[in-house]
Amino acid sequence: MGCLSVWRKLKPKPSVRSLFPVKQRSSGSAGTQCGVRMKIAVIGQSLFGQEVYKELRKDGHTIVGVFTIPDKDGKADPLATQAEKDGVAVFKFPRWRVKGQAIPEVVAQYEATGAELNVLPFCSQFIPMEVIDRPKHGSVIYHPSLLPRHRGASAINWTLIHGDKKGGFTVFWADDGLDTGPILLQRECDVECDDTVNTIYNRFLFPEGVKGTVEAVRLIAEGKAPRITQPQEGATYECIQKKDNAMIDWNQSAEALHNWIRGNDKVPGAWAEVDGQKVTFYGSTLVDNGTAANGQPLEIPGASRPGIVTKTGLVLFGNDGKALLVKNLQFEDGKMIAAAQFFSSGSSVAVELTEEEKTFSEQMRAVWQSILSNVSHIEDSTDFFKSGAASMDVVRLVEEVKLRASSCQLQNEDVYMNCTFRDFIQMCVRKLRGEDDEEELVVDYVEKNTNNMTIKMPHQLFINGEFVDAEGGKTYKTINPTDGSAICDVSLAQISDVDKAVAAAKEAFEEGEWGKMNPRDRGRLIYKLADLMEEHQEELATIEAIDSGAVYTLALKTHVGMSIQTFRYFAGWCDKIQGSTIPINQARPNRNLTFTKKEPIGVCAIVIPWNYPLMMLAWKTAACLTAGNTVVLKPAQVTPLTALKFAELAARAGLPKGVINILPGSGALVGQRLSDHPDVRKLGFTGSTEIGKHIMKSCAVSNVKKVSLELGGKSPLIIFADCDMDKAVRMGMSSVFFNKGENCIAAGRLFVEETIHDQFVNRVIDEIKKMKIGDPLDRSTDHGPQNHKAHLDKLVEYCQTGIKEGATLICGGKQVQRPGFFFEPTLFIDVQDHMYIAIEESFGPVMILSKFKIGEVDDVLRRANATEYGLASGVFTRDISKALYVSEKLNAGTVFVNTYNKTDVASPFGGFKQSGFGKDLGQDALNEYLKTKAVTIEY
């Protein structure tokens, strides 16, 4: 009979097609009436046998006996354990035959059960024909291949070894041949290119096989079970795969090598001689660029060329010059390692345990003892597998660790790679400390001594968890706006770099740990990231100051401080994203249940501006990550440094590789490719309306990406005569000059009631005179340099236009005569509605002031709303009725009443009209990075 094992790894369920429809009627079960409950003997073992047994009982059949294998190392088979729990008779015969003859005593015990049907869901023993033919309805067997192909005990292995595009299973009537009996039922599935025995078994052969076997019994009970003679054409029989015949023949193509390795993964394991010892290969995938792999060569006898040990695994080559990648290796002593660690596997030094870690160690020793009940005492040298542990014990051990240390997220592979108790505890402790055997992050820092500290700045692209040079080594200089000097060379991303980053993000989302992670664990990582940002807040603020010109104290409080708050706020949302149940019209006489699920979108591109480099990153990235997406982010070309420092901190916080990717570069190249890329499913952009329109068009034409846009503004601020003058002046100054005017919600135009106009202007002049212009790292500086030279030049031109059109320049309007990109705080009055500076945004420290007649509320509202922008607005008045009326009529996404610039991480932020659509911050921001799926069930 066929022999299977129980495997672990799950993948999405493929399409299923029945090869033999259930409508066919049987000639061999004609006497059975529909719905008859039968007496069944279950002959077999394993979890598969257990699940078939449980489902047959649910169908109302009587299990008169379970015939399984003897206990191994004092542990009963799962099928036996379940049956004994249910009070069903269990027989554990070591064998049924001796020298080809049935053992009479064994057959007699079987016959005494009075079984009407034998079901063999998984059986590794040879069952005599006296037992096979004894029941009224005979015997049916589950076999994991599409018979007549791959008869024999290693059918799944050979399906993969032969590179079959289709796989599946057969339930057939037992006869005296080897898997040759008539077919009752078949189901098929696609075989994916990187499937292993594990993945195809758990994805299809196990769950669908249980259903198929139970369905076959139903057909027998209903008298509808067919007996279809197996065709001779296409019939194959292959030997049992054992370690002895699993040696790799290197004189094959890369695809054939890949099929051989995956077809023997995990049992028995494809192996070869390497460095004088037998090494087994696991986790094979075909790769496109193996010839370009960088790493250390590894000589393999018989191979067409040396393998290459790289950061991602061992690259091997077929005789056709093509490549495959192997992830894990196992040595003769049972030790399994990541293939990338082949040359460093013995170099780790044991860590000294703290008292708390010693307590955890003893708890785990007790767990090992409960699993390995046949071992008298768990020593540090006890080997989990040599002591009798099986694959289900691995699953249990991983879950036991989660119960005792939720922050220690193990994969089954971690147990296989650390099979002694000592190695297992060392591995767990390293993970708990964040010091596990993940490859150390390598950062080529640019270091500068400034602001009474040494700042360490990454300057390369960040792709798939690594800092790397751009394609072709291309770089550009990022400039300090305080003096115009170059800070450092920064890698300049190319189109090929964008493609690599998107591929990494896609793999991290679809195949990586991030996509499978529990939401609370995801939140824990984001909290940890926020903590690391807080630990480095002075360094981040200093980098922000020298790269963007932000005044250090403002950078510390707002640029960095609000960024930390944003990640903490959204981290708390991770386990609170939920759908709803919806009452719908019932399809009588049946009933319906409809519910919605909120799901992540996938790979998201984020393109941010230069005015708040870190904060704009945080506003979008925090919500994106919280929703479970992965990110490719393009910082502004002129301010890349805090984004790259953020990437370093994200890696150190433990965010998996590929989740965050940072690409400094030009908008025309990097931004355009992200807009066009077919694997990017969402793009979030903050910037100008002109570029936003172009991005929106590209996203529509490429693959109809979801888009959110935060664009230009010309925010009106209305100041009535009944305002608190001191507060109105203070907040009015802030509304314009905050962050040097480089503020998307800056008050682009102030309307002041005529009776207080002159007083307000004089007060503003006095305040401007008090402003100290200077080095942003000086704690007494109020006004730092503009972000970059091109922007400074635009401000000069903007003010010259205002003067030409007849506006009155009261102060400022020109560059400060000192090194760097400093611009004087500027005040224009007598600004008429038709003027350029009344219509267009300056994005700088320029106050545009107009008066309105006393009591003309509706007229000033008309003027305030006469703009294509609608990002923010404000009103100052002591009259609450007036305040509410004006806030209702102002056509903007945010309205400030008797305050300004009061944004908070919990409050949604976004504009109307040509200021864009979609929200940052608050619960609303999550919807920008989620998709809603409706599920309707009829029952």
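Residues numbered from 1 in each chain as written. Predicted model: local features only at pLDDT ≥ 70, side-chain atom pairs only at ≥ 80, totals over all residues. Heavy atoms only, no water.

Colleague: I would appreciate a short explanation of the packing of helix α9 (residues 355-371) against helix α10 (residues 391-404) in the present structure.
Modeller: In helix packing, the relevant descriptors are the interaxial angle and the interaxial distance, both defined with respect to the helix axes. Where α9 meets α10, the closest approach of the two axes is 11 Å, and the angle between their N-to-C directions is 150°. With respect to α10, the element α9 is oriented roughly antiparallel. In the crossing of α9 with α10, the sense of the turn from one axis to the other is right-handed. Along the contact surface, α9 presents Phe360, Gln363, Met364, Val367, Trp368, Ser370 and Ile371, while α10 presents Asp393, Arg396, Leu397, Glu400, Val401 and Arg404. When grouped by side-chain class, the residues that make up the contact of α9 with α10 number 7 nonpolar, 2 polar and 4 charged. (Axes fitted to C-alpha atoms, helices over the stretch in contact; angles between N-to-C directions. Helix = DSSP H or I, 4+ residues; strand = E, 2+ residues; numbered from the N terminus. Parallel < 35°, antiparallel > 145°, perpendicular 65-115°, else oblique. Left-handed = near helix turned anticlockwise from the far one by under 90°. Contact = heavy atoms within 4.5 Å. Nonpolar A, V, L, I, M, F, W, Y, C, P; charged D, E, K, R; others polar.)

Colleague: Honestly, the UniProt feature "site: Essential for catalytic activity" (unreviewed entry) in the protein chain in this entry has me stumped. Any pointers?
Modeller: Cross-referencing UniProt, the feature "site: Essential for catalytic activity" (unreviewed entry) maps to Asp179 in the present numbering. Within the element layout of this structure, Asp179 appears in the loop between β9 (166-173) and β10 (183-190). Among the residues examined, Asp179 registers a relative accessible area of 2% and is labelled buried. (UniProt positions renumbered as here; feature names shortened; annotations may be inferred. Buried < 20%, exposed > 50% of the residue type's maximum accessible area, 1.4 Å probe, protein only.)

Colleague: Please clarify how the sheet that holds strand β31 (residues 715-719) should be interpreted in this entry.
Modeller: Strand pairing in a sheet relies on backbone hydrogen bonds. The paired strands run either parallel or antiparallel. Here 7 strands make up an open sheet; going across it, the order is β33-β34-β35-β32-β31-β37-β38 and the pairing mixed. The strands lining the two open edges of the sheet, one partner per strand, are β33 (808-811) and β38 (894-897). Neighbour-to-neighbour, the strand axes of the sheet open up by a mean angle of 20°, direction not taken into account. Relative to strand β37 (residues 872-876), β31 runs parallel, the two sharing 3 bridges. Following the sheet pairing, Ile718 is matched in β37 by Val875. Helix-sheet contacts for helix α22 (residues 725-737) involve β31, β32 (747-753), β34 (826-829), β35 (846-852) and β37, and the interaxial angle to β35 is about 135°. (Pairing = 2+ DSSP bridges.)

Colleague: What should I look at first to understand the nonpolar core in this one?
Modeller: Taken as a class, soluble globular proteins show a tendency for nonpolar side chains to be buried jointly. Phe567, Ile719 and Phe760 are the most contacted members of the largest nonpolar core, which totals 108 residues. It is helix α18 (residues 613-626) that provides the largest number of residues to this core, a total of 10 residues. Excluding anything up to four places from it in sequence, Phe567 contacts Ile526, Leu529, Ala530, Met533, Leu617, Ala618, Thr621, Ala622, Leu625 and Phe646. Grouped together as the second largest cluster of nonpolar side chains are 41 residues, Met38, Val191, Tyr201 and Phe206 included. (Core = buried A, V, L, I, M, F, W, Y, C linked by side-chain atoms within 4.5 Å.)

Colleague: What is the right way to look at the sheet that holds strand β41 (residues 930-938) in this model?
Modeller: Pairing in this open sheet of 3 strands is antiparallel, and the strands run β24-β25-β41 from one edge to the other. Among the strands making up the open sheet, the edge pair consists of β24 (581-582) and β41. In terms of strand pairing, strand β25 (residues 592-600) meets β41 through 9 bridges, oriented antiparallel. Paired with Lys598 across the bridge in β41 is Thr932.

Colleague: When you look at the UniProt feature "binding site: (6R)-10-formyltetrahydrofolate" (unreviewed entry) in the protein chain in this model, what are you seeing that I'm missing?
Modeller: As recorded in UniProt, the feature "binding site: (6R)-10-formyltetrahydrofolate" (unreviewed entry) lies at Gln125, Phe126, Ile127 and Asp179. The greatest C-alpha distance among the residues just named is 13.7 Å, despite their covering 55 residues of sequence, which places them together in space. Looking at the element boundaries, Gln125 is found in the loop between β7 (117-122) and α4 (129-132). Among the polar contacts made by the side chain of Gln125, one reaches the main-chain carbonyl oxygen of Phe93 at a distance of 2.8 Å. (Polar contact = N/O pair within 3.5 Å; in protein donor to acceptor, adjacent residues only side chain to side chain.)

Colleague: I'm lost on empty space enclosed by the protein in this one. Help?
Modeller: Enumeration over the complete set of coordinates arrives at 4 cavities of 30 Å³ or more. Here the largest cavity defines a volume of roughly 80 Å³. The wall of the largest cavity is formed by 15 residues, among which Ala746, Gly748, Glu841, Ser842 and Phe843 lie closest to the centre. Those elements that place two or more of their residues in the lining of the largest cavity are β32 and β35. When grouped by side-chain class, the residues that make up the lining of the largest cavity number 7 nonpolar, 6 polar and 2 charged. Looking at the second largest cavity, its volume works out to about 60 Å³. (1 Å grid on protein atoms, 1.4 Å probe; cavity = no way out; pocket = protein on both sides within 12 Å on 5 of 7 lines; lining within 4 Å. Points joined across faces, edges and corners; volume = space filled by probe spheres on them.)

Colleague: Would you mind showing me how to read helix α20 (residues 667-676) here?
Modeller: Within the span of α20, buried status applies to Val670, Gly671, Gln672, Leu674 and Ser675. Residues of α20 that are buried in the fold lie against α13 (495-510), β26 (603-607), β27 (630-634), β29 (682-686) and α21 (689-703).

Colleague: Explanation requested: the packing of aromatic side chains in the structure shown.
Modeller: Note on aromatic pairs: each is described by the distance of the centres and the angle between the planes. The tally for this structure, following the rule as stated, stands at 28 aromatic pairs. With centroids separated by 6.0 Å and ring planes inclined at 40°, the aromatic side chains of Phe67 and Phe93 adopt a geometry described as tilted. Highlighted residues: Phe67 in strand β3 (residues 62-67) and Phe93 in the loop between β4 (90-91) and β5 (97-98), separated in sequence by 26 residues. Phe93 carries the same exposure label as Phe67, and that label is buried. (Phe/Tyr/Trp six-rings, centres within 6.5 Å; stacked < 30°, edge-to-face > 60°.)

Colleague: Would you mind going over the pairing of β32 with me for this structure?
Modeller: If a strand is regular, its side chains alternate between the two faces of the sheet. The element β32 is extensively covered by neighbouring structure, given that 7 of its 7 residues are classed as buried. Where β31 lies against β32, 5 bridges are found, and the strand directions are parallel. Bridging from a neighbouring strand, Ile719 pairs with Val752 of β32. Note on the crossover from β31 through α22 to β32: the handedness is right-handed. Pairing analysis gives 4 bridges linking β32 to β35, with the strands arranged parallel. What sits directly across from Phe751, in β35, is Ser850. (Right-handed = clockwise from strand over helix to strand, strands pointing away.)

Colleague: Even after reading the chapter, I still don't get the environment of His61, so can you show me in this structure?
Modeller: Mapping His61 onto the fold places it in the loop between α1 (46-58) and β3. Sequence separation of His61 and Lys278 is 217 residues, and the distance between their C-alpha atoms is 49 Å. Setting aside residues no more than four positions away along its own chain, His61 makes contact with Val36, Arg37, Met38, Ile40, Leu56, Val217 and Ala221. Within polar-contact distance, the side chain of His61 engages the backbone nitrogen of Met38 at 3.0 Å.

Colleague: Quick question: what am I supposed to make of α10 here?
Modeller: Every α-helix carries 3.6 residues per turn, so stepping three or four residues along brings you back to the same face. For α10, spanning 14 residues, the distance from its first C-alpha to its last is 21 Å, which sits close to the expected 20 Å at 1.5 Å a residue. All of the buried residues in α10 are Ser391, Asp393, Val394, Leu397, Val398, Glu400 and Val401. On the buried face of α10, the contacting elements are α9, α11 (412-417) and α12 (421-433). (Expected span 1.5 Å × (residues − 1).)

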